[in-house]
Amino acid sequence: MKKIIYFSILYSFFSLSVFAQKIDLSGKWNVTINSERHMIELPGSLSENGIGTPAKDSLTNMLTEGFSFVGKASYEREIVIPESYKNKPVELWMERTKVSEVFINDAFAGMQKSVSTPHVYNIGNLLKPGKNKIKIMVDNTKNRLPLGGSHAYSEHTQTNWNGILGDFYLRQIPEVSLNNIFINTEKNGICNIFFVLNASDYRKVNIQVLITDAKGKTVSKIKNDFHIQNNSTIKQQLQLKIPDPQLWDEHNHYLYTLKIEIPGMDSKEIKFGIRDFQVRGKHLSNNNRIVFLRGKHEGGVFPLTGYPSMKKEDWKRNMSIAQSYGINHYRFHSWTPPRAAFEAADELGVFLQPELPLWGKYTATDTVLFNYMMTEGERIMQTFGNHPSFVMFTLGNELEGDTSLMVKVVNQLRAMDDRHLYALGSNNFYWDPQTHPTEDFFVAMRNGKAQTDMSTDLRASFSFADSDGGGIINCLKPNSERNFSKAIHSLNKPVIGHETGQDQIVPDFKEIEAEKGVLQARNFSVFKRRLECAGMIDQAERFLKSSGALTALCYKEEIEMALRTPNFGGFQLLDLQDYPGQGTALVGILNAFMNPKNVISLDKWKEFCNDVVPLARFKKYCWKNNEDFTGQIEIAHYGATSFSPAEIVCTLQDQSGTTIISKTFSSQEIVQGKINLVGNFDCPLKRFLQPEMLTLTVSISHTSYKNSWNIWVYPSYYKREIKEGAFGSVSITRDKSVFEKIKIEGNKRLLYIPKHEDFDSLSVGGLFITDFWNYGMFHGIAKSVKKEPSPGTMGILTDPSHPLFDSFPTDFHTNWQWWNIIKNSRPMILDEMPEKYLPIVQVVDNFDRNHKLGLIYELPVTNGKILVCASDLFACSEEPEVLALWNSMMDYLSENK
């Protein structure tokens, strides 16, 4: 049995007494701000009630709060107290607020500062029967608390709201009350129940405890008598046994109900689950099942209210959507959500990682911060610790400073409640993340300092400020073999990739109409006007689709790299949904409302983000037809249980859907918790005499599990080499003066491949991935640390049916066969071209800059045909896809297409 230390906070959050009288305080309240008096509806925020300073400007770095207020707001109301409250102790309950001070009939009742847990005031006998005045001062001034950039106060996600949220009431405290209920379970069904009894006088107390199953059937019960002294607090322990217990997990989210009653006095009900979430070597384990975390970041994004919902149904909606996309884990960036989120996760089987409200620095001299975080951590454990979904906890995001102080906080919290796993923070010591022996798990973007070979990286994409060239996907030639094994080989604990992804998508301007609550999409309106001024608004939907398709491709690679890594603990996406602040980071395949952008289907997403994922390892995506396409088939299995026998089918199909080859593997057992080797495949490619895009699909028979990849095969022989000169009627040049001359004459067929130095100021850099997070934000950061900023582009947009692609199969968006071509390019700025003019291969620009960019484009001349290719094909001339593009362009110029 685990060691238990009693809590010092004398209140249990999980239920209310059925015997104590409760007065609901929701409704109309007077509020005074800046000497102005208003009427407000509580629970709620000032902004929700249209109170504060109206927004005048259109922000571009976040959604705009229609009304904002920072400072002290005084909420007042008269309330009639019944005679039954006379001389009875009473407590005031506010589920969530900011720094609060309470006055009862002008008498000061106290101050509380938690931003993570309810404010509960024992106001004693200050209330009298009849009319009473309650005044609550709420202060959302940031410097009142040492939170740094915590998302608990962030304008970028949940806004820095002022108000009172959730349950809001007065409650008469029973003469004998139950508090601090702590449930420690074991897999064999033993339940150790710890609680505190408070009494105002001496008496004998009978305690009745029972546990019911999910159907309401009693499975265990016990009665006990206790003697309590006057005005005393006693700590008690009882043990019950559940026969044949059902265990709680993502695949079986079974909940029991604990009922503790002091007849005629107090009663509590708590939902709980039996689970054993722990570290097993380099793995996370729950009930002896290996867990791979497929996580999403959660910053409290609720655009209609501007604060996290206090309603379980809202959290169940969002979490259910996330689960439908294969997510089994939520990480709360530098904050802890309300009870509703924990209850929803309990019922749905989602693993949670709340955090202390800190994005900052621990220093020995800052005792205010240290003491606040220590106390806040204890409050979080006391308030939410019984939830089975609460499995991991860290001290905040990207912390710096004195590690010994962080260790002290973790050790104290672990001694208080060891039902959760602990880490000092998420991605601590940003430029050199390293784990500490006291941590149960390690969440980071890399293990140590950045290396030129990216061997320490724990995710595959970065800003250019954090990694030269933007990380693995953008810098290293694509294949489906790479993983993070080098980065984790020295670590002896579970490792989770921090804020994986962060690939931008062009705004969906339909969202402007959806933002009809507290937050307004004025940034989207600005971006829309910019695109209109650039003459490209009619391309907005196509920009969304093409950039979204590339983002989905990058997320697939990120997630599969994690799944291909033996002994990896999982990843935490940033994000499945958009992050609407910090420069406007539209990084989700879902929007801020958790609705799809329709850039990838749910079925395609779940091919690679699921509890069971087929994997194919092969050394490249582009092949010659004198080669054999070879690779290895594996199954990453983190589902409920091992299964056997398994039949795995591997097929290769052409663009028409015709099966080229099919192979079936029979496996004795697909073992849970590991990457299972299925077998090797080998397909000669000599039958392909023309360029072809093929689809490799691996599926598990009689299941919905499958995964697919595109590969490209090209003829290995070409009569035309990549070189300057004349080829029949077509001239090829890199000479700027020759190009200018022929452009003026306008009567020749020319392929012009500019030297980058000739057009440096009239072009942008080549970027394969979509721009990281947000162009404006990280462009400035890169400059400040004296690094080359990202080119800032968002992939290509083209028409696959254009005759230039007759010998170069392509999608309308970036795919792997474009990697060498794009990486060696400098897309040309074509802003001076006519508004209706479009390049053949257009590069989508970010929504801060909005250039019309051409990778391959044709000049409008009268009698000739002039094609410009802004990629240095000479620098990558040995690549089969580059040769194919060259020949396809030559064919296009040579013929009357």
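Just so we're clear, the structure is a prediction, and the values are computed from it rather than from any experiment.

## Overview of the pattern of salt bridges
Phase 1 of the analysis: Scanning all chains against the criterion turns up 46 salt bridges.
Phase 2 of the analysis: Linking arginine 144 and aspartate 139 is a salt bridge whose minimum nitrogen-to-oxygen distance equals 2.7 Å.
Phase 3 of the analysis: The salt bridge involving arginine 289 is made with aspartate 249; its shortest N-O contact spans 2.9 Å. With arginine 289 in strand 24 (residues 289-291) and aspartate 249 in the loop between strand 19 (232-241) and strand 20 (256-262), the pair connects residues that are 40 residues apart, well separated along the chain.

## Some words on the sheet that holds strand 20
The strands making up a sheet associate through backbone hydrogen bonding, with each pair oriented either parallel or antiparallel.
Phase 1 of the analysis: Strand order in the open sheet formed by 4 strands is 18-17-20-21, and the pairing between neighbours is antiparallel. Each edge of the open sheet is held by one strand with a lone partner, namely strand 18 (218-228) and strand 21 (266-272). Sheet twist, expressed as the mean angle between neighbouring strand axes with direction ignored, is 15°.
Phase 2 of the analysis: Here strand 20 runs beside strand 21; their pairing, made up of 7 bridges, is antiparallel. Within strand 21, the position partnered with leucine 258 by the bridge is isoleucine 270.

## With respect to the packing of aromatic side chains
Phase 1 of the analysis: Applying the stated rule across the entire model yields 40 aromatic pairs.
Phase 2 of the analysis: One aromatic cluster is present, formed by Phe618, Tyr621, Trp623, Phe629, Phe681, Phe768 and Trp816 through successive ring pairs.
Phase 3 of the analysis: The cationic tip of lysine 98 hangs over the ring face of tyrosine 153; the distance from NZ or CZ to the ring centre is 4.2 Å.
Phase 4 of the analysis: Against the face of phenylalanine 462 rests arginine 459, its NZ or CZ located 4.3 Å from the ring centre.

## Structural notes on the pairing of strand 39 (residues 646-653)
Phase 1 of the analysis: Most of strand 39 is tucked away: 6 of the 8 residues are buried.
Phase 2 of the analysis: Relative to strand 40 (residues 659-667), strand 39 is paired through 8 bridges, and the arrangement is antiparallel. Counterpart to isoleucine 648 in the pairing with strand 40 is phenylalanine 665.
Phase 3 of the analysis: Count of turn residues in the strand 39/strand 40 antiparallel hairpin: 5 residues, of which glycine 657 carries a positive phi of about 90°.
Phase 4 of the analysis: In the sheet, strand 39 pairs with strand 42 (residues 692-700) via 6 bridges, with the strands oriented antiparallel. Following the sheet pairing, glutamine 653 is matched in strand 42 by threonine 695.

Thresholds applied
Residues numbered from 1 in each chain as written. Predicted model: local features only at pLDDT ≥ 70, side-chain atom pairs only at ≥ 80, totals over all residues. Heavy atoms only, no water. Salt bridge = Lys/Arg side-chain N within 4 Å of Asp/Glu carboxyl O. Helix = DSSP H or I, 4+ residues; strand = E, 2+ residues; numbered from the N terminus. Pairing = 2+ DSSP bridges. Axes fitted to C-alpha atoms, helices over the stretch in contact; angles between N-to-C directions. Phe/Tyr/Trp six-rings, centres within 6.5 Å; stacked < 30°, edge-to-face > 60°. Lys NZ or Arg CZ within 6 Å of the ring centre and 35° of its normal. Buried < 20%, exposed > 50% of the residue type's maximum accessible area, 1.4 Å probe, protein only.

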